[in-house]
Amino acid sequence: MKFVVALSFALLFSISAVAQTAIKPPKETALDRFLRYAKIDTQSKEDQETVPSTRKQFNLANLLAKELKEIGAENVRVSEFAIVYATWPGNLPDNSRVPVIGLLAHMDTSPAVSGENVNPVIHKNYQGGDIVLPKDPTQVITVEKNPVLKEMIGDDIITADGTTLLGSDDKSGIAEIMTMIDTLKQNPQIKHGTIAVAFTPDEEVGGGIDKFDIKGFGAQFAYTVDGETLGEISNETWSARTATVTFQGKSTHPGTAKGIMVNAMYALADYLSRFPHDMLPETTEGRVGFVHPYAGTIDVEASNLKILLRNFDLSGLDKEEALLRDMVKATQVKFPEVKIGIEVKENYKNMKEVLKNYPALTDNAMEASRRAGLKPFIKPIRGGTDGSRLTFQGLPTPNLFTGGENFHGKLEFNSRRGLEKTTETLVHLVQIFAEKQK
Ligand SMILES: [Zn+2]
C-alpha cells in the first residue's frame with residue numbers, strides 16, 4: 001500500500017501547478033501489471049515467414065485488448081498480425097486542436113534468451129551491493145557494471161530468477177502505458193487530447209512494424225516506450241544493414257574425398273578471423289559503429305555467416321559494407337575453390353534525419369520528465385526501435401525510457417520507481433501537448 005501513497009504524493013506534488021486537485025492513484029499499480037505481463041511467454045523467433053513470428057504473442061495481445069476494453073478504451077482491436085490498437089479519447093472542449101499522440105510498446109521478448117516460465121523476483125527495499133539471482137548464483141547484477149544501482153537504494157528491484165530474461169523489454173513499456181490510461185481514467189481533471197495506443201509483436205526480429213496500420217492508428221506523432229535508464233530520451237538510432245556471406249564447397253564421402261572434397265568451413269573460419277577487433281560490439285560504445293557476426297551455419301557443402309552492420313552515419317555504414325566486401329575478396333583469393341557470395345540488406349535508417357524537423361517532440365518529452373522529477377538526457381540508441389521505421393513512414397516517433405536495464409539477457413532488471421516514474425512522465429507528456437495548443 002505504501003507505494004500507492006508515494007506515487008499519488010509524487011503525482012500530486014508535480015502536477016499541482018497545473019491542476020489544483022489531488023491525483024488519485026491508478027486502480028492497479030504499474031508493478032502489478034508488469035508482473036502479470038512478464039509471466040506470459042511472448043518470445044519472437046528469427047526468420048519466420050509470418051507475423052507474428054510466434055503464435056503465442058496473441059496470448060498477451062488478447063489479454064491487453066480485454067484489459068483495454070474493461071478500462072473503457074475505444075476502438076480496441078487486435079489485427080490478424082497480433083497488433084493491439086486502441087484509442088483513449090481526449091477530454092478537452094475541442095480535442096481537434098491538440099494532435100493525437102500515439103504511444104507504443106512491443107509485446108515480444110528477445111529470441112536471445114528464453115522467455116518461458118519467467119519468474120519475476122522482487123528484491124524489496126534494496127540496500128546496495130551486488131544482486132545474485134536465486135536460481136543461478138553465477139548470474140550476478142554487479143554494482144560495478146550497473147552503477148545505476150547506486151541510485152536505487154530503498155527501491156524495490158525486479159529481476160528474473162537467473163534462468164530466463166525478465167522481459168522488462170518491453171513489458172515495462174506496456175505496463176507503463178496501461179497504467180497511464182488507468183491514471184487518466186481515475187483523474188478526469190487531468191486534461192489531454194486524444195491518445196492512440198498500440199502494442200506490437202516481433203519488434204526484436206524486426207517484422208511486426210511492417211504490418212502496422214499508421215492510418216488506422218490515427219496519431220500525428222508517437223513515442224515508443226522502449227528505452228532504458230530513467231530520463232533517457234532518444235531521437236537517434238542506428239542506420240542498420242544485415243549482410244549474409246555464403247560459402248559454397250563440395251561434399252563427398254570422406255573415405256574417398258581426396259582431391260574432390262572442398263570444405264567450405266575453412267573459408268568461413270578464415271573470413272571470421274579477418275574481423276577487426278576494434279570494430280566489434282564488444283569493443284565499441286557511444287557513437288562508434290560496429291560489424292557483428294552473430295549467427296551462421298557450418299557445413300562442408302554450404303556454410304554461411306550473418307553479420308550486422310551498424311552506424312549512426314550512412315557514410316560510416318557504407319565503409320563497413322565496403323570492409324566486409326573486401327574481406328570476401330581476400331578470403332576468395334585464399335580459397336579459390338569455395339564459391340563465396342555476399343548479400344547486404346538495408347534494415348532501417350537513423351530517425352534523426354526526420355526528427356530534427358520536429359524538435360517539440362523531444363522538448364515535450366524532456367519537460368515531462370522534469371515534471372516527474374527526473375533529469376532527462378538525450379542518448380542515441382545503439383539499436384533500432386519500431387520508431388525508426390515508423391518515422392520514415394510518416395509517423396515521427398522518438399523513444400522514451402522505461403526504467404529498465406540490461407535488455408536481452410538474464411541480468412535484465414527494472415524497479416518499482418522505474419515503472420512509476422515512467423508512468424508519471426507519460427501522464428505529464430499528454431498534458432503538455434494539451435497545454436501547448438491552447
Ligand atoms: Zn525493446
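Residues numbered from 1 in each chain as written. Predicted model: local features only at pLDDT ≥ 70, side-chain atom pairs only at ≥ 80, totals over all residues. Heavy atoms only, no water.

(A) Up close: the confidence of the model for the protein. On average, residues of the protein score 94 in pLDDT, and 95% of them reach the 70 mark or higher. Every residue in residues 1–7 is under pLDDT 50, and counting partners more than four places away or in other chains gives 8 contacts. Residue range residues 15–20 is modelled with pLDDT below 50. Its contacts to residues more than four positions away, or to other chains, number 9 contacts. (pLDDT = per-residue confidence, 0-100. Contact = heavy atoms within 4.5 Å.)

(B) Seen up close, the nonpolar core. Among the nonpolar cores identified, the biggest contains 63 residues, and L68, I174, M180, F199 and Y223 are the most heavily contacted of them. Among the elements that take part in this core, helix α11 (residues 416–436) stands out by supplying 8 residues, more than any other. In this view, F199 contacts L64, L68, A82, I83, V84, A105, M107, I174, I177 and M178; residues no more than four positions away in its chain are not counted. If you look at the next biggest cluster of nonpolar residues, it comprises 20 residues, including V245, V262, Y271 and V338. (Core = buried A, V, L, I, M, F, W, Y, C linked by side-chain atoms within 4.5 Å. Buried < 20%, exposed > 50% of the residue type's maximum accessible area, 1.4 Å probe, protein only. Helix = DSSP H or I, 4+ residues; strand = E, 2+ residues; numbered from the N terminus.)

(C) The coordination of the zinc ion, seen in detail. Protein coordination at the zinc ion: the donors are H106 (NE2), D169 (OD), D226 (OD) and D226 (OD), at 1.9 to 2.7 Å from the metal. Geometry at the zinc ion is irregular, judged from its 4 donor atoms and the angles of 52 to 147° they form at the metal. Considered as a linear motif, the donors of the zinc ion on their single chain read H-x62-D-x56-D. On the criterion of sequence distance, the pair formed by D169 in helix α4 (residues 168–186) and D226 in the loop between β9 (221–225) and β10 (232–234) is long-range, its members being 57 residues apart. The burial state of D169 is the same as that of D226; both residues are buried. (Donors = N, O, S within 2.8 Å, 3.2 Å for Na, K, Ca; no water. Tetrahedral: all angles 85-135°; square planar, octahedral: opposite > 155°, others 65-115°.)

(D) Geometry of the sheet that holds strand β17 (residues 413–415). With antiparallel pairing, the 3 strands of this open sheet are ordered in space as β4-β7-β17. This sheet does not close on itself; its edge strands, each paired only once, are β4 (121–123) and β17. Strand after strand, the sheet turns through a mean of 30° between neighbouring axes, direction not considered. As paired elements, strand β7 (residues 157–159) and β17 share 3 bridges and run antiparallel to each other. Bridged to I158 within β17 is N414. (Pairing = 2+ DSSP bridges. Axes fitted to C-alpha atoms, helices over the stretch in contact; angles between N-to-C directions.)

(E) Just the packing of helix α3 (residues 57–71) against α4, in detail. For the pair α3 and α4, the least separation of the axes is 11 Å and the interaxial angle reads 10°. Considered as vectors, α3 and α4 are oriented roughly parallel to each other. The segment α3 lies against α4, with L60, L64, E67, L68, E70 and I71 engaging K171, I174, M178, I181, D182 and K185. Among the residues making up the contact of α3 with α4, the classes are represented as 7 nonpolar, no polar and 5 charged. (Parallel < 35°, antiparallel > 145°, perpendicular 65-115°, else oblique. Nonpolar A, V, L, I, M, F, W, Y, C, P; charged D, E, K, R; others polar.)

(F) Seen up close, the environment of G193. Here G193 shows up in the loop between α4 and β8 (195–200). Put simply, G193 and A434 are 241 residues apart on the chain and 5.9 Å apart in space, counted from C-alpha to C-alpha. Not counting chain neighbours up to four residues away, the residues in contact with G193 comprise W88, P89, G90, L92, N95, V98 and A434.

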